[in-house]
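Architecture and fold: a report
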Amino acid sequence: MLPIWRALLPLAIFIASGAMLDRVLGLDLGATRTGGDAGKWPRWAMCGLVACFAAALHPAVLAALIALALVGRFVRRGRPAPVRGVVRADERRAGVAFGVAAAVLALVVICRPAALVYWDSFVWLAKGRIESVGWGALRAASLDRSADVIPSGYPMFWPLASSWLSMGGRTMEALAAGAAAMTLVTLMLFLDAVASTFADRATSTGANGALRDPPRWAPLALALVGITPLVFVHLRSAYADLPVGLLAATCTLRLSRCIDRPDGRSGDLAIAAMAAVALAGLKDEGMAHVAALAIAVIVLQLRSRERLPLAPAMVVMAAAAIPFNGWRMILHAHNVVDADHRPSAPDFAAAGAVGRSVLQHLADTRSWGALWPIAFACAALVLGRGKTFRSASRFAALAFVAEGGVLFAALLFGPDRVRVFAFEGTLINRLLIQLAPPAGVLLSLALADAAAAWQAVRRAAPIPMGLAAPPAPHALTRSPE
């Protein structure tokens with residue numbers, strides 16, 4: 001079993017620092033419509049981790065993020081504060097259900113051998129071991145062209161978090177525990193977003209403007225993702241791909257709440273922005289996920305006759321762009337180039353081979369089960385029958401398609417080495433694992449809309465009325481006369 005106890009004290013420190021930033025900047029991370037909200041703990045933990053990561057990059061990056069938060073607080077000034085209410089019995093039961101799911105998944109993450117079994121785990125955690133030497137050691141090594149940091153110029157948030165949450169551990173077992181703790185933070189942040197989305201009753205509107213009450217059993221569609229074999233494997237690895245997918249799905253859910261309820265809690269936008277910053281710091285593909293979400297909002301605005309808010313997507317995009325561009329400016333100043341992932345001219349000649357390789361991975365039922373046929377069929381249904389589904393569900397479908405398209409484009413616009421990894425089978429499944437949580441979000445939202453629409457049809461069905469029987473005809477009799 002992993003020595004997860006090493007992460008308890010660092011997590012407490014990050015939670016405390018996140019709570020302090022929440023109070024000072026007015027992020028509303030701890031605010032909730034109902035009492036007894038345990039989701040504030042992963043929100044505060046991610047807030048503390050993101051702030052520490054920004055400071056590790058450069059004080060100017062942290063200052064820019066704080067300035068963005070202060071601008072948001074100024075814009076929100078004068079708006080009514082989030083309402084705190086009494087926890088209803090059904091909400092309490094829903095909270096218990098999500099608590100059980102979180103406990104089971106946490107055991108899956110933690111209860112595994114401490115020995116590493118995947119090659120890339122050593123690459124990630126070896127960089128975390130560099131940071132364990134002292135604050136800023138990994139940044140200095142990444143900017144030193146003579147240092148053997150692989151790949152050169154790559155985002156640092158994952159190894160940094162692994163080191164911090166392991167209390168500066170030097171062994172692979174300690175660093176693996178730190179990586180597992182970071183996986184748990186992203187997982188709990190995602191489950192909190194799911195619980196928030198389906199806990200509110202009669203607060204989301206359909207395409208015709210009528211209030212809809214999403215069924216609380218709709219998140220059961222996420223079980224299709226949970227039982228996917230490769231998802232289970234990545235939960236127990238030290239790879240960053242599943243956390244990237246969980247953060248992208250969290251962004252999708254929080255932005256969908258901003259789209260569905262423009263006057264809702266400001267905490268949704270703050271959480272989405274935090275997840276976007278973490279995405280930009282975890283992997284190069286993280287910024288692609290954020291860009292795909294912004295593209296989805298714009299396309300939805302152009303296709304829909306509704307007036308949808310674009311500001312939340314722009315705020316999230318700006319939050320991710322600050323560490324993304326800040327890190328690249330630092331690399332440029334030190335003449336460090338991320339050659340392994342640097343965009344190049346598209347290789348359209350390889351498009352057919354890349355497409356066939358992607359299809360082979362999608363059809364691998366031993367790794368994915370039936371996830372992808374169901375997810376793509378659901379996306380086609382939502383986009384084809386848009387009037388049946390809410391704006392949030394259509395946004396989730398567009399986001400899922402856009403994220404897949406952007407990741408496929410990365411295979412064509414990347415260097416030749418990226419396509420070599422794709423053809424050898426070591427890359428495409430890792431990109432697909434990033435799409436698995438957004439696929440689960442799409443399935444849950446679409447199932448909720450379909451169930452709500454069916455309930456509306458049943459309630460609106462005309463009640464058959466019994467017709468009075470016609471009077472019996474009078475018998476003809478002969479007159480006595």
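A brief look at the structure comes next. (Residues numbered from 1 in each chain as written. Predicted model: local features only at pLDDT ≥ 70, side-chain atom pairs only at ≥ 80, totals over all residues. Heavy atoms only, no water.)

**Some details on the packing of aromatic side chains**
Under the defined criterion, the tally for this structure stands at 9 aromatic pairs. Ring-pair connections join several aromatic residues into one group, and the members of that group are Trp-368, Trp-372, Phe-376 and Phe-400. For the cation-ring pair, Arg-328 lies above Phe-324, with the distance from its terminal atom to the ring centre recorded as 3.9 Å. (Phe/Tyr/Trp six-rings, centres within 6.5 Å; stacked < 30°, edge-to-face > 60°. Lys NZ or Arg CZ within 6 Å of the ring centre and 35° of its normal.)

**Considerations on the nonpolar core**
Formed by 145 residues in total, the largest nonpolar core has its most connected members in Met-46, Phe-157, Trp-164, Phe-190, Trp-372, Phe-395 and Leu-411. In terms of residues, this core owes the most to one element, helix 8 (residues 172-199), which gives 17 residues. Setting aside its immediate chain neighbours within four residues, Trp-164 contacts Pro-10, Phe-14, Leu-49, Cys-52, Phe-53, Ala-56, Glu-131, Trp-135 and Phe-157. (Core = buried A, V, L, I, M, F, W, Y, C linked by side-chain atoms within 4.5 Å. Buried < 20%, exposed > 50% of the residue type's maximum accessible area, 1.4 Å probe, protein only. Helix = DSSP H or I, 4+ residues; strand = E, 2+ residues; numbered from the N terminus. Contact = heavy atoms within 4.5 Å.)

**Some points on the packing of helix 8 against helix 11 (residues 241-260)**
At a closest axis distance of 9 Å, the pairing of helix 8 and helix 11 adopts a crossing angle of 25°. Classified by the angle between their axes, helix 8 and helix 11 sit roughly parallel to one another. Crossing of helix 8 against helix 11: the hand is left-handed. Taken together, the residues of helix 11 that come into contact with helix 8 (itself represented by Thr-183, Thr-186, Leu-187, Leu-189, Phe-190, Asp-192, Ala-193, Val-194, Ser-196 and Thr-197) are Pro-243, Leu-246, Leu-247, Ala-249, Thr-250, Leu-253, Arg-254 and Arg-257. (Axes fitted to C-alpha atoms, helices over the stretch in contact; angles between N-to-C directions. Parallel < 35°, antiparallel > 145°, perpendicular 65-115°, else oblique. Left-handed = near helix turned anticlockwise from the far one by under 90°.)

**Re the packing of helix 1 (residues 8-25) against helix 3 (residues 59-76)**
Between two packed helices, what matters for the description is the angle formed by their axes and the separation of those axes. As a packed pair, helix 1 and helix 3 sit with axes 10 Å apart at the nearest point and diverge in direction by 45°. If you check the angle between helix 1 and helix 3, you find them oblique. Taking contact as the criterion, the partners of Arg-23, Val-24 and Leu-25 in helix 1 are, on helix 3, Ile-66, Ala-69, Leu-70, Arg-73 and Arg-76.

**Some words on a nonpolar patch on the surface**
Together, Trp-5, Leu-8, Leu-9, Ile-13 and Met-167 make up a nonpolar patch on the protein surface, roughly 560 Å² of accessible area in all. Along the chain, Leu-8 falls in helix 1. (Patch = residues over 30% accessible without salt bridge, like charges linked within 9 Å, V, L, I, M, F, W, Y side chains within 5 Å. Areas by Shrake-Rupley, 256 points an atom, 1.4 Å probe, with all protein chains shown as cover. Salt bridge = Lys/Arg side-chain N within 4 Å of Asp/Glu carboxyl O.)

**Considering unusual backbone geometry**
We note that Met-167 has phi near 60°; this positive angle belongs to a residue other than glycine. The backbone of Asn-335 sits at a positive phi, close to 55°, despite the residue not being glycine. Looking at where Asn-335 falls in the secondary structure, it is placed in the loop between helix 14 (311-333) and helix 15 (351-362).

**Here we look at the pattern of salt bridges**
Applying the stated rule across the entire model yields 11 salt bridges. A salt bridge links Asp-268 to Arg-257, with the shortest nitrogen-to-oxygen separation between them at 3.0 Å. Separated by 11 residues along the polypeptide, Asp-268 in helix 12 (residues 267-282) and Arg-257 in helix 11 bring together distant segments of the chain. By the burial criterion, Asp-268 is buried, and Arg-257 matches it. Here Asp-364 and Arg-366 are joined by a salt bridge, their closest N and O atoms 3.8 Å apart. Several salt bridges converge on common partners, so that one network encompasses Arg-43, Asp-192, Arg-254, Arg-257 and Asp-268.

**Quick notes on the environment of Leu-432**
Mapped onto the elements of the fold, Leu-432 is located in helix 20 (residues 428-460). Classification of Leu-432 by relative accessible area gives buried; the value is 8%. Sequence-wise, Leu-432 and Leu-230 are 202 residues apart; in three dimensions their C-alpha atoms are separated by 9.7 Å. In this structure Leu-432 touches His-361, Leu-362, Trp-368 and Trp-372, once residues within four positions along its chain are discounted.

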